[in-house]
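Below are the chains, spelled out letter by letter.
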Amino acid sequence: MTVEKQREVIRLWNQLRRVEGPAAEELRIQILECFSEKAATKRAAA
C-alpha cells in the first residue's frame, strides 16, 4: 500500500470514529479484520 493510500485510509478511519451506531461498528470491525488478514499474509510469506 502506498503512503498516499495509507493516509486516505487513516483519514477515513478518523471520520468513521465520529459515527455512532451498529453500522459504523460493523464497518470498523470489517476494516480491522481486513488489515489483520493482510498482516497475517505478509508474516506467512516472509
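For the structure itself, consult the block above.
A quick note: this is a predicted structure, and the numbers were derived from the prediction, not measured.

Our focus in this paragraph is the pattern of salt bridges. Opposite charge on two side chains makes pairing possible when the charged atoms of those side chains draw close. The tally for this structure, following the rule as stated, stands at two salt bridges. Among the salt bridges present, the one from Arg11 reaches Glu8, with a minimum N-O distance of 2.7 Å. Note that Arg11 and Glu8 are positioned in helix 1 (residues 3-17) at a spacing of three residues, about one turn of the helix. What makes Glu8 partly exposed here is its relative accessible area of 36%. A salt bridge links Arg28 to Glu25, with the nearest nitrogen and oxygen atoms 3.1 Å apart. On the criterion of helical spacing, the pair formed by Arg28 and Glu25 is a turn pair, its members being three residues apart in helix 2 (residues 22-45).

Its relative accessible area of 14% is what places Arg28 among the buried residues. One polar contact links Arg28 to Glu25, side chain to side chain, over a distance of 3.1 Å. Sequence-distant contacts of Arg28, that is, excluding residues within four places in its chain, are made with Trp13, Leu16, Arg17 and Val19.

Scoring rules and cut-offs
Residues numbered from 1 in each chain as written. Predicted model: local features only at pLDDT ≥ 70, side-chain atom pairs only at ≥ 80, totals over all residues. Heavy atoms only, no water. Salt bridge = Lys/Arg side-chain N within 4 Å of Asp/Glu carboxyl O. Helix = DSSP H or I, 4+ residues; strand = E, 2+ residues; numbered from the N terminus. Buried < 20%, exposed > 50% of the residue type's maximum accessible area, 1.4 Å probe, protein only. Polar contact = N/O pair within 3.5 Å; in protein donor to acceptor, adjacent residues only side chain to side chain. Contact = heavy atoms within 4.5 Å.

Just geometry here; none of it tells us what the structure is for.
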